[in-house]
Amino acid sequence: MLTLINMPLIGLAEDDIKIAGLIKKGLEESGYAVIAAANGEEALAAFANAKPDLVILDVMMPGLNGLQLCSRLREEQQDLPILMLTALGSLDDKLTGFKSGADDYLVKPFHFKELLARIEALLRRSHPRKEEDDSILHFDDLTLDTASKEVYRDGQLINLTARELLLLELFLKNPNRLLSRQFIAENAWDINFDTGTNVIDVYVNFLRKKIEKGFRRKLIHTKVNMGYILK
């Protein structure tokens, strides 16, 4: 089962696409889920929806900069761990970051191992997640709250039917695992699979269109004559 309990969600606000991509890739390979934003306004909206366990903010972003974003986030959530990641490394810069509400400050360039160590330390010191957050499932930039039945991808709300929600929950609880049509029928429909029907394929396609249309990465992949996999 893939939940927020064993896969912390990191919010990343970084306008340098190359740096953001490298950090996101490294964090995901280290066992974290990541939701990334390219500017302060986008990050504010995305983080409000996804409720990350920790956020990493670059200072020099267009529009709402990292310091302003930090202050806004701190006003809304007192116990959110905030790590500033920036090229501005003077003592005054660091003090300004801490005054805006940051918990830690890492100067570029940095060793990725140090970034991971600081993230782990901040998460250890942060308040434990609320019990109701056990109902939140994540994969990549896709989030499902099984309590409220709300689905977000990259901070964007996606409306699903009851059947599509059950199907998505099944995929999120079995990431990187090939799911046969029989397995899907028995677990999402609670019925024996009829090889003469294409109902599973139809609903998987419905779900795909809603969670993948308008996004660059496909998440649900077909294995011909075998089933489907979320990866």
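Anyway, here's the lowdown on the structure attached to this text. The model shown is predicted, which means the values in this text are computed figures rather than measured ones.

Definitions and limits used
- Every chain is numbered on its own, with residues counted from 1 as its sequence reads.
- Where totals are concerned, whole chains, interfaces and linings use all residues; where local detail is concerned, this predicted model gives features only for residues with pLDDT of at least 70, and gives and counts side-chain atom pairs only at 80 or more.
- Where side-chain values are given, they derive from all heavy atoms of the structure, hydrogens and water being excluded.
- Secondary structure elements follow DSSP: runs of H or I no shorter than four residues count as helices, runs of E no shorter than two count as strands, and numbering proceeds from the N terminus.
- Throughout, a residue-residue contact means that at least one pair of heavy atoms, one from each residue, lies within 4.5 Å.
- Pairing between two strands is assigned when DSSP locates at least 2 bridges connecting them.
- Axis definition: a line fit to C-alpha positions, over the contact stretch in the case of helices; interaxial angles, taken between N-to-C directions, run 0 to 180 degrees.
- Residues enter a nonpolar core if they are buried and are Ala, Val, Leu, Ile, Met, Phe, Trp, Tyr or Cys, with the set joined through side-chain atoms within 4.5 Å.
- Whether a residue is buried, partly exposed or exposed follows from its accessible area with a 1.4 Å probe, protein chains only, as a fraction of its type maximum: under 20%, in between, or over 50%, in that order.
- For a helix, the expected span equals 1.5 Å multiplied by the number of residues minus one.
- For this analysis, a polar contact is any N or O atom pair within 3.5 Å, provided that within protein one partner can donate a hydrogen and the other can accept it, and provided that sequence-adjacent residues contribute only side-chain to side-chain pairs.

1. Considering the environment of alanine 38
Part 1: Relative to the helices and strands, alanine 38 is located in the loop between strand E2 (33-37) and helix H2 (40-50).
Part 2: The spatial distance from the C-alpha of alanine 38 to the C-alpha of methionine 61 is 8.0 Å, given a sequence separation of 23 residues.
Part 3: Among residues more than four places away in sequence, those in contact with alanine 38 are Glu14, Asp15 and Met61.

2. Things to note about the sheet that holds strand E5 (residues 104-107)
Strand pairing in a sheet is mediated by backbone hydrogen bonds. Such pairs are either parallel or antiparallel.
Part 1: The five strands are arranged E2-E1-E3-E4-E5 in an open sheet whose pairing can be described as parallel. This sheet does not close on itself; its edge strands, each paired only once, are E2 and E5. Taking each pair of neighbouring strands and ignoring which way they run, the sheet shows an average axis angle of 20°.
Part 2: Here strand E4 (residues 82-86) pairs with E5 via four bridges, running parallel. Within E5, the residue paired with threonine 86 across the bridge is valine 107.
Part 3: Strands in contact with H2 are strand E1 (9-13), E2 and strand E3 (54-57); relative to E2, the strand with the most contacts, it is inclined by about 150°.

3. Some words on the nonpolar core
Looking at soluble globular proteins, one finds that nonpolar side chains tend to be buried together.
Part 1: Within the largest apolar cluster, 26 residues are counted, with the highest numbers of intra-cluster contacts made by Val151, Leu168, Phe171, Leu172, Ile184, Leu207 and Ile220.
Part 2: For this core, the secondary-structure elements that each account for two or more residues are strand E6 (136-139), strand E7 (142-145), helix H6 (162-172), helix H7 (181-189), helix H8 (199-212) and strand E11 (227-230).
Part 3: Broken down by element, this core gets its largest block of residues, six residues, from H6.
Part 4: Counting 24 residues, the second-largest nonpolar core is a separate cluster that includes Ala13, Ile35, Ala46 and Leu73.

4. Here we look at helix H5 (residues 112-125)
Part 1: Over its 14 residues, H5 extends 20 Å from the first C-alpha to the last, a length consistent with the 20 Å expected when each residue adds 1.5 Å.
Part 2: Where H5 is concerned, the buried positions are Leu115, Leu116, Ile119, Ala121 and Leu122.
Part 3: Where the residues of H5 are buried, they touch E1, helix H1 (17-29), E3, E4 and E5.

5. Remarks on the side chain of glutamate 14
Part 1: Here glutamate 14 lies in the loop between E1 and H1.
Part 2: Taking the relative accessible area as the measure of exposure, glutamate 14 reaches 4% and is therefore buried.
Part 3: At 2.9 Å, the side chain of glutamate 14 forms a polar contact with the side chain of lysine 108.
Part 4: In contact with glutamate 14, not counting residues within four places along its chain, are Ile19, Ala20, Ala37, Ala38, Asp58, Met61 and Lys108.

6. Quick look at the pairing of strand E8 (residues 150-153)
Part 1: When E7 meets E8, the two strands line up antiparallel, connected through four bridges. For leucine 144, the partnering residue across the bridge sits in E8 and is valine 151.
Part 2: Linking E7 to E8, which pair antiparallel, is a turn of four residues; within it lysine 149 sits at a positive phi near 65°.
Part 3: As paired strands, E8 and strand E9 (residues 156-158) are joined by three bridges and run antiparallel to one another. Bridged to tyrosine 152 within E9 is leucine 157.
Part 4: What sits between the antiparallel neighbours E8 and E9 is a turn of two residues, in which aspartate 154 has the positive phi angle 55°.

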